[in-house]
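Take a look at the letters that make up each chain.
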Amino acid sequence: MSDRSRLTGKIADETLIEMSRNSLCDEDNNGFPHDPDDYPQPDASGVDKHQQSKDSVFFRDGKRRIDFILSYVDDRDGERKQERRKEYEANLQKAGLELETEDQSESDDGKTYYVKIHTPWDVLATYADVLKIKVPFKANDIPAHKDIPINWLFTPFRLPNHIMNPEPDYFTSPFNKEKIDFFLIDDKETFFPPSVRNRIVYYILARCAYHKEDSDDKNKKGIKRLLNNGTYGAAFPLHDSRYWKASRDPNSESERFSLYRHWARFLSFFKEQPLNLIRKYYGEKIGIYFAWLGFYTEMLFFAAVVGLICFLYGLFTFDDNIWSKEICSEEIGGNIIMCPLCDKTCGYWKLNSTCNSSWQSHMFDNVGTVFFAIFMGIWVTLFLEFWKRRQARLEYEWDLVDFEEEQQQLQLRPEYEIKCTSRRLNPVTQEMEPYFPAKSQCARTFLSGATVIFWISLIIACIIGVIAYRLAVYAAFASIMKDSPTNNIQMVGSIITPQLATSVTASCINFVIIMILNVMYERVAIWITDMEIPKTHLEYENKLTVKMFLFQFVNYYSSCFYVAFFKGKFVGRPGDYIYMFGWSKLRNEECDPGGCLIELTTQLVIVMAGKQVWGNIQEALVPWLLNWWGSRKARSHPESLYSRWEQDHDLQNFSHLGLFYEYLEMVIQFGFITLFVASFPLAPLLALLNNIIEVRVDAWKFTTQFRRPVAAKAHSIGAWQEILNGVAVFSVVTNAFIVAFTSDMIPRLVYMYAYSPGNDLSMKGYINNSLSVFNISGFSEENRPDDGESPEWFNSSVITTCRYRDYRYPPGHEKQYTHTMQFWHILAAKLAFIIIMEHVVFMVKFFVAWMIPDVPAEVKARVKRERYLIQEYLHNYEVENLKIQLSHRNDDCSSNPVDYPDIRRREVLSECL
C-alpha cells in the first residue's frame, strides 16, 4: 500500500481496503496472531441459547466482541434482497470483518435474522490509522487543578470520581500502524473502546458494495441504501448492558447502567453531568451537545435570577403606578369615553374597562425592563465567550485539538461518491476524486433556494391569515361582550376582554399552524438537501441547518414580530382609518391604552411554553409508547431468551439527524429568551425550568429508549455557533425597538421630564395627555357603530366627543387631527434611545469579547506540552529503531545496506507530527 493510500484510506478508485486472509494471520502484528482457530465456531444448530447471558455482547465463543448488528426478515419473495445480502456480507468478509448469524428460530418473534459483526485487530489498526484516531502513548504528567477554597460547598452536586473520570488522563497521538509499539497497548482486544470500534465498522459498512465484481452498476454501495430498500431492517451497535441492572458478564463495562444511575434519572437533576463517560460511551459529537446544553442551562440561572428580580420589582411597585390608577378610577378612567375599535359592530367604551390589563402590563413594562434588556445584551455575550473557553478545554481533554475540518473533507459522503460520475484531479492529494459539474450544481441550488422561499412565503401567508382572523373575530367578540356577560364566569371572568380573547385564540391558532408547518417542512428540507448532494457530512449538516433555521425563524417569530412592531402602528385616526390591503373591510388593530406589550407577552408565553411542553411530550412519551408496544411480546419471554441484540432491536432508532433536532429546539428557545426578552423578563426562568427537565429527558431517552448511536467526532457545535452569534447581535436591535416602540416607557419619560404640570416630576395627568380628542359627528357611515351596539349609558346628544390613543390636535384647532409637537419629541426620543442603547450594549459586548480569551492559558500550555512530548518521544523512538537496524547490519555483513530512504520517510512523518 502506498503512503498516500495509507493516509487517505483509498487505493486507486476503491473506498475500502481489502484485507486478505494472510494479513489477518501474519506476524506483523506485534506478537498478536489472528488465526481463525483461536476463535472456534460452534455449530449453530447445537447452540443452547439458555446458556447465553441475557446481556452477552460477544460471539458464541465468548471471546470476540460484537461491534455491530444487522437485522433482516427473510421474505419469501425477496430473492433480490437475498442476493444483495449475500454479496454485501461476502464483501464485508473480504474487508476483514467477521460475521456470525443468528437464525430466525432463535429470535423472539421467530422471523428476524441477526448478523453479528466483529472487527479483528488488524482491521481496527488499519482504519484507526486511516481515520487518524488518537490513542495514548504516555500518562499525563501535568498536575491537576488545585481545589478552590470553597470547593466543599459543591460536594452535593458532585458525582463519584470513577463516574466523572472513567479513564486515566493520557497524552495522545494519532494512531500509526507502523509504530504500534510506540503506544500504550496492554490488551489489543480492549485497546479501542466500543465507541471507536463501532465508528470504524460503520465507516466500512457505509462504503462496502453489494454488487458482483463483474457488475456494471458500481453505485450499489453502503448500508444506508440497503436499509432504504428494505434489504436490512436495522443496523446498530449494541448497548453494553440493561439500563436498570449491571451486566453479570465481567468483561462487559456496564457503562449504560452507570449512565442511567448517575445521569438519566430525574432525581439527579441537581448533579453535574458525567461528560467524560458520555463521550466515552456515545462519542464526542453527543458529548459536545450535552456539554453545551449543560453550560447553557447553568448560564440561564443568572439570567433567570435577574429576570425574576425585575418581575418582582414591577409586582411590588403597583402603588407607584399612577397611570394605571388614573385608568381604573371612576373620576378619570370612568369619565373618558373611547372611540370604537372596529367598524359597525363595536360601540363606544369607557377607559376603565381596561383596568386589569393596565395593571398586568405594569408588571412587564417598567424601568426594570430597560435594565433587563441591557443586561441580557451583555449576558448573551458572556455566555458565548465563556462557552468558547469551555469548548476549548473540552477539545483538549477529548483529543480534538488537531481535529480539523479538512479531515472531514477526506471522508466523502457515500451518496456523493455514488451519484458523481465525473472525476478530476485533487490539487492537494494529487488523486482523482469525484466531483459534481458546476452547471448541474447551480440548477439544484436554484431549485433548493426557490423551494425555501416558497415555504417562507407560505408561512407569511398563514400569518396574514391569522392577522385577518384577529381583525374579523375582534368585532365579533366586542359585540358579544359589550354588556360584559363574562363577568359571570368565576375567577377569570372579570379579566376577559375582547382584546384578550382575540389575542389568546389567535395565538393558539398560530401555534397549531406552526406545528403543522414544522412537520411538513422538515420532510421538504431533508428532501431538497439530499437533492443538492452535499460532498461531506459536515457540508450536509450545515446546508440543512441553514434551511431549517431560516424556516423556523420565520415560523416561530413572525407572529411575535407582528405584535411587537406592526400592531397599533399603522391604524390611522378616527374618520381616516387604515384598512388591511387598503380595499378590505378589515380595519387594522389598535393597541390598548396601556400599550401592546402585554399582548406581546401573551403571544410569547403561549408559543414558547406550548412549544416546550409539546416538545418534551413528543421526545419522551412517543418513544416510550412505541417501545412499549414493540416489545409487548418479548416481555413474556424467559430472561435467557431475550438477547442483548433483540432488546436493542426493539428500541427506537436514533437517526443521523436526531442531534440536529435537539440543537434546533434549543436554538429556537435561545431566540425567544433573547429577541423578545424585554417584553417578558420571566422567559429565562421558564427556559431554565424547561432545560433542567430537558437534560434529564434527553439523557433518559438516549439511555433507555434509543438504540446506541454510532459514535461520531465533532470538535464544536458547528454552524450553530454562528447562528447563536447572529441571534445575539440581532437581539440587541429587537429589544431596543421593543422598549422604544412597543412599550410606553419613552412616552412616559418624555411626559414626566417635559410635559408634566408643575415643577415636580410626576406622572399625574399622563393618561389624559396621551389621548387625543375626536368629534363624533366626523364619523362616516362606514365607521359609525350600528344602532344598539353602543352600551346603554351612551347618549349621543350629551356625549359629542371620544378619545383615541395618539398625539394629535383637537377638533376646532387650526391644525386639527395633525400630529402635535409632542409626537415628534417622543419619536426623536425613541430614535435616540435606540441609538444610545445599541451603541452602549455593542461597545460592552465587544469589550467583553476582547477581554475574555477564547482559549484558557492553561489549555494552551497543556497543548504545547503534549506537542513537545510527541516530538520528543517520536524522536527517541526513531533513534532506537535506527540503532536496532544498525546493530543488525553489524551482525550480518552480508545483509543489504540500511534502508536510508525509509529512515528519511520516518523523519518526515516525525517532523509533520
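- In the nomenclature of an unreviewed UniProt entry, the chain is known as Anoctamin of Salvelinus namaycush.
- Its UniProt record, at the heading Sequence similarities (unreviewed entry), says of the chain: "Belongs to the anoctamin family."

**Digging into the state of the cysteines**
Then, in step 1: Counted under the stated rule, the structure contains three disulfides.
Then, in step 2: Note on cysteine connectivity: Cys342 is disulfide-linked to Cys346, with sulfurs 1.6 Å apart. Taking the sign of the torsion about the S-S bond as the criterion, the disulfide between Cys342 and Cys346, at about 90 degrees, is right-handed. Neither Cys342 nor Cys346 differs from the other in exposure class; each is buried.

**A closer look at the environment of Val697**
Then, in step 1: Within the fold, Val697 resides in helix α23 (residues 683-705).
Then, in step 2: We classify Val697 as buried; its relative accessible area is 14%.
Then, in step 3: Val697 sits 432 residues away from Arg265 along the chain, and the two C-alpha atoms are 8.5 Å apart.

**Examining the packing of aromatic side chains**
Then, in step 1: Per the stated rule, a full pass over the model turns up 71 aromatic pairs.
Then, in step 2: Ring geometry for Phe191 against Phe192: centres 5.0 Å apart, planes inclined by 70 degrees, an arrangement best described as edge-to-face. Both residues of the pair, Phe191 and Phe192, count as buried.
Then, in step 3: If you follow Arg587 out to its NZ or CZ, it ends over the ring of Tyr577, 3.5 Å from the centre.
Then, in step 4: When the ring centre of Tyr281 is taken as reference, the NZ or CZ atom of Arg708 above it lies at 3.8 Å.

**Looking at the pattern of salt bridges**
Two side chains carrying opposite charge are able to pair once their charged atoms lie near each other.
Then, in step 1: Applying the stated criterion to the full structure yields 36 salt bridges.
Then, in step 2: Among the salt bridges present, the one from Asp343 reaches Arg587, with a minimum N-O distance of 2.8 Å. Taken together, the residues Asp343 in the loop between β7 (337-338) and β8 (349-350) and Arg587 in the loop between β12 (576-577) and α20 (597-630) connect sequence positions 244 residues apart. No difference in accessibility class separates Asp343 from Arg587, as the two residues are buried.
Then, in step 3: Taking the shortest distance from any N to any O, the salt bridge between Asp786 and Lys344 comes out at 3.9 Å. Taken together, the residues span a long stretch of sequence, with Asp786 in the loop between β13 (771-775) and β14 (801-805) and Lys344 in the loop between β7 and β8 at a distance of 442 residues.
Then, in step 4: The network of salt bridges with shared partners includes Arg60, Glu100, Glu102 and Lys116.

**Side note on the UniProt feature "transmembrane region" (unreviewed entry) in the chain**
Then, in step 1: UniProt records the feature "transmembrane region" (unreviewed entry) for residues 289-316, 367-387, 452-480, 500-521, 670-693, 723-742 and 831-852 in the present numbering.
Then, in step 2: Spanning residues 670-693, this segment combines 71% helix with 0% strand, and its end C-alpha atoms are found 16 Å apart.
Then, in step 3: Along residues 723-742 one finds 100% helix and 0% strand; the C-alpha atoms at either end are 26 Å apart.

**Section: helix α25 (residues 745-755)**
The periodicity of an α-helix, 3.6 residues per turn, causes residues three or four places apart in sequence to face the same way.
Then, in step 1: Within α25 the residues assigned to the buried category are Met745, Ile746, Pro747, Arg748, Val750, Tyr751 and Met752.
Then, in step 2: Those residues of α25 hidden inside the fold are in contact with α12 (322-328), α14 (367-397), α24 (719-742), α26 (766-770) and α27 (821-851).

**With respect to a nonpolar patch on the surface**
Then, in step 1: Nonpolar side chains collect at one region of the surface, where Leu153, Phe154, Phe157, Phe266, Phe269, Phe270 and Ile693 lie side by side and expose about 630 Å² of accessible area between them.
Then, in step 2: By the secondary structure assignment, Leu153 is in the loop between β4 (134-139) and α5 (161-164).
Then, in step 3: Look at Leu153 and you get partly exposed, because its relative accessible area is 42%.

**Some thoughts on the environment of Thr602**
Then, in step 1: In this fold, Thr602 is placed in helix α20.
Then, in step 2: The spacing of Thr602 and Ser679 is 77 residues in sequence and 9.4 Å in space, taken between C-alpha atoms.
Then, in step 3: Once residues lying within four places of it in the same chain are set aside, the contact partners of Thr602 are Ser503 and Val504.

**Section: the side chain of Lys116**
Then, in step 1: Within the secondary structure, Lys116 is located in strand β3 (residues 112-118).
Then, in step 2: Here Glu102 takes part through its side chain, which lies 2.7 Å from a polar atom of the side chain of Lys116.
Then, in step 3: Not counting residues within four places of it along the chain, the set of residues in contact with Lys116 comprises Phe59, Arg60, Ile66, Phe68, Ile69, Glu98, Leu99, Glu100, Glu102 and Trp645.

**Observations concerning the sheet that holds strand β2 (residues 98-102)**
Then, in step 1: The four strands lie next to each other as β2-β3-β1-β6, forming an open sheet whose pairing is antiparallel. Each having just a single partner strand, β2 and β6 (234-236) make up the two edges of the open sheet. The sheet shows a mean angle of 20 degrees between the axes of neighbouring strands, taken without regard to direction.
Then, in step 2: Here helix α7 (residues 194-205) sits on the sheet in contact with β1 (68-73) and β3, set at roughly 50 degrees to β1.

**Here's the deal with the environment of Ile204**
Then, in step 1: Within the secondary structure layout, Ile204 lies in helix α7.
Then, in step 2: For Ile204, a relative accessible area of 0% puts it in the buried group.
Then, in step 3: In this structure the C-alpha to C-alpha distance between Ile204 and Leu92, which are 112 residues apart in sequence, comes to 7.9 Å.

**A closer look at the side chain of Asp67**
Then, in step 1: Along the chain, Asp67 falls in the loop between α2 (21-25) and β1.
Then, in step 2: A polar atom in the side chain of Asp67 sits 2.8 Å from the backbone nitrogen of Thr119.
Then, in step 3: Setting aside its immediate chain neighbours within four residues, Asp67 contacts Ile117, His118, Thr119, Arg197, Asn198, Val201 and Pro237.

**Examining the packing of helix α11 (residues 284-316) against helix α22 (residues 658-675)**
Then, in step 1: Where α11 meets α22, the axes come as close as 11 Å, and the angle between the chain directions of the two elements is 20 degrees. Between α11 and α22, the crossing angle belongs to the class labelled roughly parallel. At the point where α11 passes α22, the crossing takes the left-handed sense. On α22, the residues touching Lys285, Ile286, Ile288, Tyr289, Trp292, Leu293, Tyr296 and Leu300 of α11 are Leu659, Glu662, Tyr663, Met666, Gln669, Phe670 and Ile673.
Then, in step 2: Residue composition of the contact of α11 with α22, by class: 12 nonpolar, one polar and two charged.

**Some words on the nonpolar core**
Then, in step 1: Trp292, Tyr296, Trp379, Phe383 and Phe672 are the most contacted members of the largest nonpolar core, which has 140 residues in total.
Then, in step 2: No other element matches the 16 residues that α11 contributes to this core.
Then, in step 3: Those residues within four positions of Phe672 in sequence are excluded, and the remaining contacts are Tyr556, Tyr557, Cys560, Leu604, Val607, Met608 and Val677.
Then, in step 4: Of all hydrophobic cores here, the second largest spans 48 residues; its members include Ala128, Phe175, Ile223 and Ile870.

Definitions and limits used
Residues numbered from 1 in each chain as written. Predicted model: local features only at pLDDT ≥ 70, side-chain atom pairs only at ≥ 80, totals over all residues. Heavy atoms only, no water. UniProt positions renumbered as here; feature names shortened; annotations may be inferred. Disulfide = S-S within 2.5 Å. Buried < 20%, exposed > 50% of the residue type's maximum accessible area, 1.4 Å probe, protein only. Helix = DSSP H or I, 4+ residues; strand = E, 2+ residues; numbered from the N terminus. Phe/Tyr/Trp six-rings, centres within 6.5 Å; stacked < 30°, edge-to-face > 60°. Lys NZ or Arg CZ within 6 Å of the ring centre and 35° of its normal. Salt bridge = Lys/Arg side-chain N within 4 Å of Asp/Glu carboxyl O. Contact = heavy atoms within 4.5 Å. Patch = residues over 30% accessible without salt bridge, like charges linked within 9 Å, V, L, I, M, F, W, Y side chains within 5 Å. Areas by Shrake-Rupley, 256 points an atom, 1.4 Å probe, with all protein chains shown as cover. Polar contact = N/O pair within 3.5 Å; in protein donor to acceptor, adjacent residues only side chain to side chain. Pairing = 2+ DSSP bridges. Axes fitted to C-alpha atoms, helices over the stretch in contact; angles between N-to-C directions. Parallel < 35°, antiparallel > 145°, perpendicular 65-115°, else oblique. Left-handed = near helix turned anticlockwise from the far one by under 90°. Nonpolar A, V, L, I, M, F, W, Y, C, P; charged D, E, K, R; others polar. Core = buried A, V, L, I, M, F, W, Y, C linked by side-chain atoms within 4.5 Å.

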